[in-house]
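# What the coordinates show
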Amino acid sequence: MSVTTTATAPASHAATADRAACAPLPVLGRDVTVPLVTGGDVTYAALDYAASAPALQRVWDDVAAYAPYYGSVHRGAGYLSQLSTDLFENARRTVAEFLGCRAADQVVFTRSTTDSLNLLARALPAGCQVFVFETEHHASLLPWRDAQVTFLDAPRTPRQAVETLERALADRDPHGPALVCVTGASNVTGELWPVPELAAAAHAHGARIVLDAAQLAPHHPVSVRDLDVDWVAFSGHKLYAPFGSGVLAGRADWLAAADPYLAGGGASRKVTRREDGGVDVEWHESAARHEAGSPNVIGAYSIASACKALTEAGFDTLVARERHLIDTVRAGLAEVPEVRILSLFGDDAPRVGVISFVVEGWNSSHFAAALSAEYGIGVRDGLFCAHPLVRTLLGADPGTQGECGAPEAAPGEKSLNAIRVSFGAGTPDEHVERFVRAVRELVRDGAKWRYRTEDGRCVPAV
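Residues numbered from 1 in each chain as written. Predicted model: local features only at pLDDT ≥ 70, side-chain atom pairs only at ≥ 80, totals over all residues. Heavy atoms only, no water.

Looking only at helices and strands, the chain features 14 helices and 19 strands. What you see for the chain is a C-alpha radius of gyration of 23 Å, in line with the 23 Å of a compact globule of 462 residues. Seen along its three principal axes, the alpha-carbon backbone of the chain occupies a region of about 80 × 60 × 45 Å. Across the 462 residues in the chain, those meeting the buried criterion constitute 54%. Contacts spanning at least 24 positions in sequence make up 71% of the contacts within the chain whose residues lie at least 6 apart. Here the chain displays about 20,200 Å² of accessible surface, and carbon together with sulfur accounts for 51% of that area. (Helix = DSSP H or I, 4+ residues; strand = E, 2+ residues; numbered from the N terminus. Rg over C-alpha atoms; globule rule 2.2 N^0.38 Å. Buried < 20%, exposed > 50% of the residue type's maximum accessible area, 1.4 Å probe, protein only. Contact = heavy atoms within 4.5 Å. Areas by Shrake-Rupley, 256 points an atom, 1.4 Å probe, with all protein chains shown as cover.)

Next comes the structure, spelled out in structure tokens:
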């Protein structure tokens, strides 16, 4: 038995098809309304895709169609168990195809990008040196606690990024293993990093490279083969798939040689008692080695469904539409002199739909709270779990107060935080247009409501 959903009938006219091709993909929550403190309600504008993108309606429908057939994976002889096992392993193949994996690569299902990179960190061979830019999200900045880590300064051009890495690798011990960890697209600035060039530099110096594609995969095609990276990590919840799943895909040798990430059923092939009373374990060498416990089959299936949906929509179309949204937001913000957009590589750098900025005279948490309460617009404020990068972009002293969320600062007080607006395949034009209009009005007229700090968050005063 196969689980399918009903396909949408093709448009009858070319003009209708062209409009459909340019339309946002249907996502959950697109019709949700929220109350405004000033009275009435409005359709919610979800502009925090970089944190968690709304689930595609296609993904939700696929999961709903499968749900009645849910069964244990790799464990049962029953029909539903076999169906679920097939679904889970087919999801692995779908993800491998989506990522352009090589024949010998493995796809391991994890909980998130953070989980994927911590898994890889546990699999590093002894004496491995790790090179990571300070510009990384904490998910790729912090997992390497048992390795010798070299933190690289933030580059100001893509060329400088490559040169910085080349110099650092040239100074390393050439006889030991090494790993470079780099983002594909910044979760703060949205700027694309020169991944093929960084991969070439890593390999030229005998190092391997892992790509944090959490912000890249939802917006651009990612090919392990074409980018020539050794591993790719990403999260389902940023790829329009809910349920707490992620992926680590790439070379199998380090993973097969490492102790299992978690010890338990599924990771073990054979367990026997010894005469001395102990236990001997033979572990799997496949992806199952690092997938102990009952796997999240719904999460894996939702990722595979999202991969299919994005592939069928066509990245050329998705990228072109997103570029239009990026241009709309950047042009609108450029008309407000009090706004400063944060950037490493400059205005002409290619980027995805992630833009961070600060507003002169405003605490960023206050500004974000007003966008939500008075306009029904959801953005993010803070340091975006990329503290060193945001501090560098803001020119802040390392000891200045600031957290991932809103710091303890009242409206109007200075604080170390920024505002991030992010969008993607499900974002209507109206949402970004409303955002630009709201920024202009708030800067020109000020907030219409009073706000206070409560539990570290700026909220409307009751």
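Let us keep going from here.
So, about the sheet that holds strand β9 (residues 231-235). Overall, mixed pairing links the 7 strands, which are arranged β4-β10-β9-β8-β7-β5-β6 in an open sheet. Here the strands that pair on one side only, and so sit at the sheet edges, are β4 (106-110) and β6 (148-152). Sheet twist, expressed as the mean angle between neighbouring strand axes with direction ignored, is 20°. When strand β8 (residues 208-212) meets β9, the two strands line up parallel, connected through 3 bridges. Looking at the pairing, Val210 lines up with Trp231 of β9. Helix α4 (residues 113-122) contacts β4, β7 (178-183), β8, β9 and β10 (246-250) of the sheet and is inclined by roughly 150° relative to β9. (Pairing = 2+ DSSP bridges. Axes fitted to C-alpha atoms, helices over the stretch in contact; angles between N-to-C directions.)

Glancing now at the packing of helix α11 (residues 315-334) against helix α14 (residues 429-445). Helix-helix packing is described using two parameters, namely the angle between the two axes and the distance between the axes. Packing of α11 against α14 brings their axes to within 9 Å, and their N-to-C directions diverge by 10°. Relative to α14, the element α11 lies roughly parallel. Along the contact surface, α11 presents Arg321, His324, Leu325, Thr328, Val329, Gly332 and Leu333, while α14 presents Asp429, Val432, Phe435, Val436, Val439 and Arg440. When grouped by side-chain class, the residues that make up the contact of α11 with α14 number 7 nonpolar, 3 polar and 3 charged. (Parallel < 35°, antiparallel > 145°, perpendicular 65-115°, else oblique. Nonpolar A, V, L, I, M, F, W, Y, C, P; charged D, E, K, R; others polar.)

On to the sheet that holds strand β17 (residues 418-422), then. Two strands in a sheet stick together by hydrogen bonds in their backbones, pointing the same way (parallel) or opposite ways (antiparallel). The strand order across the open sheet formed by 4 strands is β13-β14-β17-β16, and the pairing between neighbours is antiparallel. Either end of the sheet is taken by a strand with one partner, and the two such strands are β13 (339-341) and β16 (380-382). Across the sheet, the mean angle from the axis of one strand to that of its neighbour is 30°, orientation sign disregarded. Bridge count for β16 against β17 is 3 bridges, and the pairing is antiparallel. Paired with Gly382 across the two strands is Ala418, which belongs to β17. With respect to the sheet, α11 is in contact with β13, β14 (354-359) and β17, its orientation differing from that of β14 by roughly 10°.

What follows is about the confidence of the model for the chain. For the chain, the mean per-residue pLDDT works out to 91, and 92% of the residues sit at or above 70. pLDDT under 50 marks residues 1-20. Its contacts with residues more than four places away, or in other chains, come to 14 contacts. Scored below 50 in pLDDT, residues 403-408 makes 27 contacts in the model with residues more than four places away or belonging to other chains. (pLDDT = per-residue confidence, 0-100.)

We now examine the state of the cysteines. Among covalent bonds in proteins, the disulfide is the one between the sulfur atoms of two cysteines. What the rule picks out here adds up to 0 disulfides. As a non-bridged cysteine, Cys181 has Cys128 as the owner of its nearest cysteine sulfur, 11 Å distant. Distance from the sulfur of Cys307, which forms no disulfide, to the nearest cysteine sulfur (Cys101) is 10 Å. Note on Cys307: relative accessible area 2%, which makes it buried. (Disulfide = S-S within 2.5 Å.)

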